[in-house]
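Residues per chain are reported as follows:
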Amino acid sequence: MNRILHSQSQHNLQSRDGWDCAREHRRRVMAMLLDNASPSKRLCVLGAGNCNDIELPELADAYREVVLVDLDGDAMLRGVEKQFSGASSPQRTAKIKTVVGDLTGISELLSQAVDAPQDVDSIVAAIEDRLQQPPDALRTERFDTVASVCLLSQLVHSVTETIGAHAQLLSIVQAVRQQHLHLLRHLMQPGGRGILITDFVSSLTAPQLPHVPSDQMPQYVRQLLNQQNFFTGLNPAVLAHQMQTDSQFADGLQRLQSTSPWIWDFGPRQYAVCGFQFDTRRDAPPDASPQPPQRNNDV
Ligand SMILES: C[S@@+](CC[C@H](N)C(=O)[O-])C[C@H]1O[C@@H](n2cnc3c(N)ncnc32)[C@H](O)[C@@H]1O
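Residues numbered from 1 in each chain as written. Predicted model: local features only at pLDDT ≥ 70, side-chain atom pairs only at ≥ 80, totals over all residues. Heavy atoms only, no water.

By the naming in an unreviewed UniProt entry, the protein goes by S-adenosyl-L-methionine-dependent methyltransferase and is assigned to Rosistilla carotiformis.

Enquirer: I'd like to hear about the overall build of the protein, residue by residue, with values.
Expert: Assigned secondary structure in the protein consists of twelve helices and eight strands. Expressed as lengths along the three principal axes of its C-alpha atoms, the size of the protein is roughly 55 × 45 × 40 Å. Out of the 299 residues belonging to the protein, those deemed buried represent 55%. Separation of charge centres in the protein, based on 26 positive and 33 negative side chains, amounts to 6 Å. (Helix = DSSP H or I, 4+ residues; strand = E, 2+ residues; numbered from the N terminus. Buried < 20%, exposed > 50% of the residue type's maximum accessible area, 1.4 Å probe, protein only. Lys, Arg positive; Asp, Glu negative; His and termini not counted. Charge placed at Lys NZ, Arg CZ, Asp CG, Glu CD.)

Enquirer: I'd like a description of the site of the ligand, backed by residues and values.
Expert: Lining the immediate surroundings of the ligand are 23 residues, of which Gly-47, Asp-53, Asp-70, Asp-102 and Leu-103 lie closest. Contact between the ligand and Asp-53: a nitrogen atom at 2.9 Å from a side-chain N or O atom of the residue. Leu-71 is positioned with one of its backbone polar atoms (N or O) 3.1 Å from a nitrogen atom of the ligand. Of all the cavities here, the one that holds the ligand is the largest cavity. Counting only elements with at least two residues in the shell around the ligand, the list comes to helix 1 (3-14) and helix 8 (152-163). Among the residues forming the shell around the ligand, the class breakdown is nine nonpolar, ten polar and four charged. (Near = heavy atom within 4 Å. Polar contact = N/O pair within 3.5 Å; in protein donor to acceptor, adjacent residues only side chain to side chain. 1 Å grid on protein atoms, 1.4 Å probe; cavity = no way out; pocket = protein on both sides within 12 Å on 5 of 7 lines; lining within 4 Å. Sits in = over half its atoms within 2 Å of the grid points. Nonpolar A, V, L, I, M, F, W, Y, C, P; charged D, E, K, R; others polar.)

Enquirer: Explain the nonpolar core to me, and be specific about the residues and the numbers.
Expert: Counting 57 residues, the largest nonpolar core has Leu-46, Val-159 and Phe-278 as its most contacted members. Looking at this core element by element, the count peaks at nine residues for helix 9 (residues 169-187). In this structure, Val-159 is in contact with Ile-106, Leu-110, Gly-164, Leu-169, Ile-172, Val-173 and Val-176, ignoring residues within four places of it in sequence. Grouped together as the second largest cluster of nonpolar side chains are 31 residues, Val-45, Cys-51, Ile-54 and Leu-59 included. (Core = buried A, V, L, I, M, F, W, Y, C linked by side-chain atoms within 4.5 Å. Contact = heavy atoms within 4.5 Å.)

Enquirer: Pulling in residues and values, what's your account of empty space enclosed by the protein?
Expert: Taking a probe equal in size to a water molecule and rolling it over the atoms shows the remaining empty space. With the rule as written, the count across this model stands at three cavities of 30 Å³ or more. Estimates place the volume of the largest cavity at around 540 Å³. What lines the largest cavity is a set of 38 residues, and nearest its centre among them are Gln-8, Asn-12, Gly-47, Cys-150 and Gln-154. Counting residues per element, the lining of the largest cavity draws most heavily on helix 8, which supplies five residues. Split into classes, the residues belonging to the lining of the largest cavity amount to 17 nonpolar, 16 polar and five charged. (Points joined across faces, edges and corners; volume = space filled by probe spheres on them.)

Enquirer: Explain the packing of aromatic side chains to me, using residue names and the numbers behind them.
Expert: Enumeration according to the criterion identifies five aromatic pairs in this entry. Here the aromatic rings of Phe-231 and Tyr-271 are separated by 6.2 Å at their centres, their planes lie at 70°, and the arrangement is edge-to-face. Pair noted here: Phe-231 is in the loop between helix 10 (217-226) and helix 11 (236-245) and Tyr-271 is in strand 8 (residues 270-280), with a separation of 40 residues, a long-range link. We classify Phe-231 as partly exposed; its relative accessible area is 25%. On the basis of an interplanar angle of 85° and a centroid distance of 5.2 Å, the ring pair of Trp-264 and Phe-266 is categorised as edge-to-face. Taken as a pair, Trp-264 and Phe-266 share a single burial class, namely buried. Every member of this aromatic cluster is reached through a ring pair, and the members are Phe-231, Trp-264, Phe-266 and Tyr-271. (Phe/Tyr/Trp six-rings, centres within 6.5 Å; stacked < 30°, edge-to-face > 60°.)

Enquirer: I'd love a proper account of the pattern of salt bridges, names of residues and values included.
Expert: In this structure the tally under the stated criterion is 13 salt bridges. With its nearest N and O atoms 2.6 Å apart, the salt bridge here joins Glu-24 to Arg-27. Remark: Arg-27 and Glu-24 occur in helix 2 (residues 23-34); sequence separation between them is three residues, near one turn of the helix. Using a relative accessible area of 47% as the deciding quantity, one classes Arg-27 as partly exposed. (Salt bridge = Lys/Arg side-chain N within 4 Å of Asp/Glu carboxyl O.)

Printed below as a string of structure tokens:
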């Protein structure tokens, strides 16, 4: 087991019982996942983990098939078993598939960078090369709806916790972010919907966060962003700008919307979360061919 999988699975074990406190967050996530659902469509959820932010029986009723993807297969199995432990019908359960995979393709290299610090420069160069390609998982799949649920912050966290001191850190964070946007776009059918939900700051650095009423969240978040108080690489304004200007992502999109921020109560801490929703045109080319990431210095 590499260091990234080990760290993520520890994190998932610690947060496995977070179902109750995630209720309001789950309601917001589910509203986005169900908005455009239909029994003829397939949904893909990236970063499903413990599945504490999705209601699997409801998704099984709303979609023809639900594909959950995560590095941590055990967390997904636990999440699925927990939600289908009652008298759920086998037809519903059969609609849920799990795919275990690394959604960056760099987890093994990040792990090596910690184990072989003397080789870190060459490993970082290999990471930069790898991020110019999509991950291997789901290469040939396309979905009607593709959702990334609080995964991007963990993809970036894996980078900062392993090569956080390296001079190329910011450039690699930007490349991870761009690869993830391209992956979402790549997995969408023409006429499909993409959803990116991401946490971008926590109550560890924003202690007022749990006490902010929902109608004051946009104003509070603006203040945090002005104070540069957000996770590296996850400023929602920069994400929105990248979605509008990165041609590999934006070509073929007919609509891009963002939500007001909300709070994810994680138990030991709270996160501010925002969502983006985008649709591809029906006549959009089915695939965006991989191109080297373009660098953007505004992290
Ligand atoms: C914060 S959790 C998302 C919350 C989750 N949907 C839930 O409700 O429990 C982030 C997830 O990203 C997964 N993850 C982290 N790095 C990954 C990678 N490189 N590839 C695929 N999944 C990854 C973790 O295993 C974890 O399950």
